[in-house]
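Below are the chains, spelled out letter by letter.
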Amino acid sequence: TETIDAEAINEVKERYFSAMAAEIEHHGGKIEKYIGDAIMAVFGAPVSRADDALRAVRAATRMRTALDRLNARLAARGVPPLETGIGVHTGEVVAGNIGSEQRMEYTVIGDAVNLASRLEGATKELGASLVVSEDTWRLVEAHVEGRALAEVTVKGRARPVRCYAVDGVKAARGDAS
């Protein structure tokens, strides 16, 4: 953002958010909110499905592909590439309207939300653009290519969390995603 004017930054963010949102929604996710240049998405609320974790990971891998395409278009215009880190955790949340009498919004809260955010924050440290928790890994490992990373201690958790990098999703018969 240091070398780009505010109007151009807004245009780039809009293109980025549009590309990412398309993948999230295509895989059944719901965008909860935009936080600065971040996207908070949820799979499985208000109605959960057995494959929510896999849907989230598929969306994340497709988001990386969409970012590569966007970066190619931006490079042609002389715009530096965007980088992203994605954290995915599977767990129970409370979904509903949260806020004050003046302003309410639908969202999800809970330890699972916090851990996903902490995993996203650990992507640079771990050297992986898509990091999932062990809980998510157990649900998706038969369908993805990836590797174990370090255990990390994250704010709000007493015990370390085993992390995994997801490099891609294995193609399934008849899978057009």
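Residues numbered from 1 in each chain as written. Predicted model: local features only at pLDDT ≥ 70, side-chain atom pairs only at ≥ 80, totals over all residues. Heavy atoms only, no water.

Caption draft 1: Just the overall build of the chain, in detail. Check the secondary structure of the chain and you find five helices and eight strands. Secondary structure elements of the chain occur, N-terminal to C-terminal, as α-β-β-α-β-β-β-α-α-β-α-β-β. For 177 residues, the compact-globule estimate of 2.2 N^0.38 gives 16 Å, and the chain sits close to it at 17 Å. Along the first, second and third principal axes, the C-alpha set of the chain runs to 50 × 45 × 35 Å. Counting every position in the chain, which comprises 177 residues, the buried fraction comes to 37%. Of all intrachain contacts in the chain linking residues separated by at least 6 positions in sequence, the fraction that spans at least 24 positions is 56%. For the chain, the exposed surface amounts to about 10,600 Å²; the carbon and sulfur share of it is 48%. (Helix = DSSP H or I, 4+ residues; strand = E, 2+ residues; numbered from the N terminus. Rg over C-alpha atoms; globule rule 2.2 N^0.38 Å. Buried < 20%, exposed > 50% of the residue type's maximum accessible area, 1.4 Å probe, protein only. Contact = heavy atoms within 4.5 Å. Areas by Shrake-Rupley, 256 points an atom, 1.4 Å probe, with all protein chains shown as cover.)

Caption draft 2: Layout of helix α3 (residues 111–121). When α3 is considered as a whole, its buried residues turn out to be Ala112, Leu115, Ala116 and Leu119. Down the axis of α3, the smallest arc covering the buried residues is 100 degrees, so these residues share one side. Of the surrounding secondary structure, the elements contacted by the buried residues of α3 are β3 (86–88), α4 (123–126), β6 (130–133) and β8 (161–169). (Arc of directions from axis to C-beta.)

Caption draft 3: Just the pattern of salt bridges, in detail. Considering all chains together, one arrives at 12 salt bridges under this definition. With a closest N to O distance of 3.0 Å, Lys33 and Glu105 form a salt bridge. Pair noted here: Lys33 is in strand β1 (residues 30–35) and Glu105 is in strand β5 (residues 104–109), with a separation of 72 residues, a long-range link. Its salt-bridge partner being Arg138, residue Glu134 comes within 3.7 Å of it at the nearest N-O pair. Of the two residues, Glu134 and Arg138 both sit in helix α5 (residues 134–140), four residues apart, roughly one turn of that helix. We classify Arg138 as exposed; its relative accessible area is 52%. Beyond isolated ion pairs, a larger network of salt bridges with shared partners links Glu11, Arg15 and Arg77. (Salt bridge = Lys/Arg side-chain N within 4 Å of Asp/Glu carboxyl O.)

Caption draft 4: Representation of helix α2 (residues 52–76). Counted at 1.5 Å a residue, the expected span for α2 with its 25 residues is 36 Å, and the 36 Å between its end C-alpha atoms agrees. At the exit of α2 stands Gly78, carrying a positive phi of roughly 80 degrees. (Expected span 1.5 Å × (residues − 1).)

Caption draft 5: Up close: the layout of surface pockets. Of the volumes computed, that of the second largest pocket is approximately 180 Å³. At the level of secondary structure, the elements contributing two or more residues to the lining of the second largest pocket comprise α5 and β8. Here the element with the most residues in the lining of the second largest pocket is α5; it accounts for three residues. The class makeup of the residues in the lining of the second largest pocket is four nonpolar, two polar and seven charged. (1 Å grid on protein atoms, 1.4 Å probe; cavity = no way out; pocket = protein on both sides within 12 Å on 5 of 7 lines; lining within 4 Å. Points joined across faces, edges and corners; volume = space filled by probe spheres on them. Nonpolar A, V, L, I, M, F, W, Y, C, P; charged D, E, K, R; others polar.)

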